[in-house]
Amino acid sequence: MKISYKWLNEFIDIPLTPEETAEKLTLIGLEVENVETCGSLLEGVIVGEVTKVTEHPNADRLRICQVNLGGENVQIICGADNVASGQKVPVATVGTALPSPEKNGDPFTIKKAKLRGESSEGMICAEDELGLGSDHSGIMVLNEDLKPGTPIREVFDLYQDTIFDIAITPNRPDATCHLGVARDLRAALDLKLIKPFKTDFDEAKPLDNFDIKIKNSAKCPRYVGKVIENVTIGESPPWLKNRLKALGIRPVNNVVDVTNYVMFELGQPLHAFDKDRLKGNKIIVRDFDKTLEFETLDHVKRKCSPGTLFICDGNEPVAIAGIMGGVDSEVSDKTTTILLESAYFDPGSIRKTAKEQTLQTDASYRFERGIDPQIQRIAAERAAELIAESAGGKIVDNCSDIHPVQHEAHQLKLRKNYVNRLLGTDFSIEEIIGLLDGLELSIQKKTKETVTYTIPSFRPDLEREVDLIEEVGRLYDYNNIPKPKHGAFSSPKPFPKWEQLNSKIKTIAKGLRFREIYSNSLISKEDAARFGNIDDMLHTLNHISADMTTLRPTLLHGFLSSAAYNFNRNAKGVRFFETGHVFKKSKNGTYYKGIGEESRVLFGLAGLKSIEYWNSDPKEYSVFDLKAVVNSFLESLDLSDHVTVTTDEHNHLQYVVDGSAIGEVFSIDESLREIYDIDVPAFAAEFSISQIYQLKNRLPESSYEPVSKFPGFEFDFGVIVDNSLRAEALLQQIKLSAGKLLDDIQVFDVFEGESLGENKKSIAFRLTFLDKNKTLTIKDVEPIIEKVLKVLDDKFSAKLRA
């Protein structure tokens with residue numbers, strides 16, 4: 001939001017420099033992101049008279065000019081073809097900084113110089129070099145009646161200003177105009193606020209022979225119409241054009257420019273209709289229950305969905321309310337009668353339409369935030385006055401003010417003790433009132449301990465007592481609040497179990513040397529389609545961009561995008577994790593009907609596990625590296641003994657509890673990696689935190705067991721099985737058959753060879769048995785081994801290898 005320092009000074013007499021003003025604005029909550037100077041007074045540029053022109057002896061295109069500057073004669077080298085003796089020209093004297101900067105951004109400062117052996121003391125300027133136009137075809141020739149030495153600022157109506165670019169938060173619609181910013185500065189600096197416009201008017205009488213109706217008062221609680229007759233459309237006066245250009249607004253004509261000027265002055269968007277082009281002498285504010293096509297002022301035909309609010313004449317829509325007018329009623333050079341619209345539109349309605357049309361205008365920016373519902377008449381009268389001043393014409397006395405829904409002001413009580421307790425201050429009630437006085441709050445009741453205010457309509461953000469306390473703090477300046485001598489000790493409440501689990505999962509992941517990534521939960525529909533059935537996914541109705549249309553069904557897209565980003569920047573390997581929510585359509589929904597939501601954690605590995613050294617070759621990550629990570633992860637959560645591992649039809653490892661999969665480990669398909677431009681192996685594991693949370697709530701808490709006094713007993717054996725049989729299936733069966741004495745089991749060897757037979761392999765296991773009450777011997781273990789081998793033979797035809 002651009003705010004003019006010069007314009008602010010019309011409301012208040014600011015005792016600060018522009019730089020100090022920017023700092024003060026930031027301190028009171030209106031953060032100034034940038035300060036820039038606009039225009040120039042061209043100090044050091046004066047009128048010169050060219051008395052003699054001769055050819056440069058050492059350059060064909062240069063001329064030596066003798067120039068009278070009023071008090072002295074100087075020699076200036078000039079390359080313009082149109083320079084001639086007797087001309088009055090603008091001369092930038094030595095030391096002058098011109099508004100057009102050099103290529104590196106530094107000010108272009110005039111210095112004494114020698115050009116091809118001849119001295120030059122100054123510069124005869126072209127239009128563009130002075131910022132007075134765009135012409136660079138030759139030097140600027142001035143009126144011959146001007147006296148040499150006259151400052152150029154006395155010749156032209158020059159304009160210089162400082163512009164603040166302020167970051168306006170959504171809760172401060174009052175600060176989207178100069179009046180609102182000036183009001184805040186007035187309160188912070190204890191200044192007098194001058195309003196250069198009328199605020200009191202006689203009761204509005206409806207326009208003659210022109211009818212205004214509101215058919216949807218919920219979306220348009222107020223509509224003001226004002227008429228100006230016999231106007232002449234033309235260029236705006238220089239003061240008006242300068243003001244708008246300083247704010248980055250292109251001047252159009254003396255009517256449209258006034259509506260923009262008042263919007264930046266008071267925060268009320270206005271729209272000017274050519275009244276003679278409105279059919280039926282009426283305005284109807286309404287929406288429709290069908291889709292309409294409407295051509296806006298930018299000559300784009302837009303399809304507007306049912307519920308879009310329109311401004312209509314007697315026959316058809318003429319504007320999308322609060323956003324943009326239509327081509328059929330715009331002001332043109334032939335316009336003679338203006339109907340000014342000054343209305344209040346529901347913020348939610350405007351926000352929805354603006355997003356649907358991907359069209360944000362200066363007007364919709366303000367309506368979306370909620371403008372002052374009491375300023376419509378003031379703004380209309382102010383604009384009418386300025387239009388009559390700049391475009392001539394006669395202001396019609398009557399003014400239609402249709403106001404079916406009245407604004408109801410609310411009151412807030414402010415307690416002195418509460419203010420001081422929250423801010424750490426020792427204000428009296430009078431000091432509090434003094435600080436808030438400049439905000440135009442109306443005092444309804446005052447005691448020694450409290451003050452009750454009526455909140456003005458332009459401050460919708462003041463809803464609770466703490467909002468007023470925040471105003472006290474920012475206007476007093478938080479930097480002025482003394483540091484407390486001591487602080488109160490408070491014992492924080494413990495995190496709920498859900499937060500504790502999420503925190504533990506992140507800690508475990510970092511302990512496993514994974515780096516955390518954050519990715520957007522909104523992805524494009526094209527990306528989402530790679531991870532499942534697009535019809536099962538959730539899509540936004542009014543997406544911000546084509547890349548943010550669909551709620552992610554998995555965390556995998558974030559990992560692949562981050563991996564690709566890093567590989568494109570010469571990373572050799574990545575080791576990432578992410579926690580976040582994934583979504584899908586669901587009949588009942590998790591929190592909201594129709595929306596299934598689940599919290600997940602993803603571990604991802606890709607590229608090199610270790611790079612090349614003088615004594616070792618580079619080594620890539622494998623799926624077994626990720627499987628080891630998952631085993632450590634589940635072990636850290638005390639879930640290893642409750643999870644079984646199976647393999648699905650896609651060769652993914654499924655981690656199952658009570659028949660339900662809580663996660664999976666898989667190798668990322670080459671075709672998917674190619675889409676993300678990843679040409680190295682990549683692996684991912686994705687687990688449901690939601691299901692892990694439910695599982696841990698069902699399980700008893702872990703308890704400490706002392707280390708056994710007795711040693712374990714290890715027994716190794718190998719079995720010959722079909723080559724297609726997975727070791728995991730054997731491991732699970734051994735665990736079930738070996739009983740309570742089995743303490744640990746490991747696969748320590750896999751062998752394939754002709755000696756075993758065709759399509760056969762040998763898998764060797766090491767079983768560790770432990771009894772906490774005695775030392776085990778072979779006699780204790782042998783029956784268990786025999787039982788295990790028999791079960792393996794019965795189920796898998798596994799034969800003991802000799």
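Scroll up a little and you will see the structure.
Residues numbered from 1 in each chain as written. Predicted model: local features only at pLDDT ≥ 70, side-chain atom pairs only at ≥ 80, totals over all residues. Heavy atoms only, no water.

(A) Representation of the pairing of strand E25 (residues 442-446). Pairing of E25 with strand E26 (residues 450-454) involves four bridges; the strand directions are antiparallel. Along E26, the bridge assignment pairs Lys 446 with Val 451. (Pairing = 2+ DSSP bridges. Helix = DSSP H or I, 4+ residues; strand = E, 2+ residues; numbered from the N terminus.)

(B) Geometry of the sheet that holds strand E37 (residues 713-722). If you walk across this open sheet you meet the four strands as E38-E39-E37-E40, and the pairing is antiparallel. Looking along the sheet, the strands with just one partner apiece sit at the ends: strand E38 (742-751) and strand E40 (799-800). Sheet topology places E37 next to strand E39 (residues 760-769); ten bridges connect them, and they run antiparallel. Bridge pairing in E39 places Val 719 opposite Ile 763. Against the sheet, helix H19 (residues 727-738) contacts E37, E38 and E39, and its axis sits at roughly 150 degrees relative to E38. Sheet strands touched by helix H20 (residues 778-796): E37, E39 and E40. Its angle to E37, the strand with the most contacts, is close to 15 degrees. (Contact = heavy atoms within 4.5 Å. Axes fitted to C-alpha atoms, helices over the stretch in contact; angles between N-to-C directions.)

(C) View of the sheet that holds strand E1 (residues 2-4). Reading across the sheet, the three strands line up as E1-E12-E2 and stay open at both edges, with antiparallel pairing between neighbours. Of all strands in the sheet, those with a lone pairing partner are E1 and strand E2 (31-39), marking the two edges. In this sheet, neighbouring strand axes are inclined to one another by 30 degrees on average, regardless of whether the strands run parallel or antiparallel. Bridge analysis of E1 against strand E12 (residues 160-167) gives three bridges, and the strand direction is antiparallel. Following the sheet pairing, Ser 4 is matched in E12 by Ile 163.

(D) Spatial organisation of the pairing of strand E3 (residues 45-55). Direction of pairing for E3 relative to strand E6 (residues 88-92): antiparallel, over a ladder of five bridges. Across the sheet, Ile 46 pairs through a bridge with Val 91, a residue of E6. Note that E3 and strand E4 (residues 63-68) share six bridges and pair antiparallel. Across the sheet, the residue bridging to Glu 49 is Asn 68, located in E4.

(E) Structural detail: the packing of helix H10 (residues 416-423) against helix H12 (residues 465-476). One can describe the packing of H10 onto H12 by two numbers: an axis separation of 10 Å at closest approach and a directional angle of 60 degrees. The two elements H10 and H12 cross, and the hand of that crossing is right-handed. Only Glu 465, Val 466, Ile 469, Val 472 and Gly 473 of H12 make contact with H10, whose side of the interface consists of Tyr 418, Val 419, Leu 422 and Leu 423. (Left-handed = near helix turned anticlockwise from the far one by under 90°.)

(F) Up close: the environment of Phe 201. Inspection of the secondary structure puts Phe 201 in the loop between helix H4 (178-189) and strand E13 (211-214). Residue Phe 201 is classed as partly exposed on the basis of its relative accessible area, which comes to 27%. (Buried < 20%, exposed > 50% of the residue type's maximum accessible area, 1.4 Å probe, protein only.)

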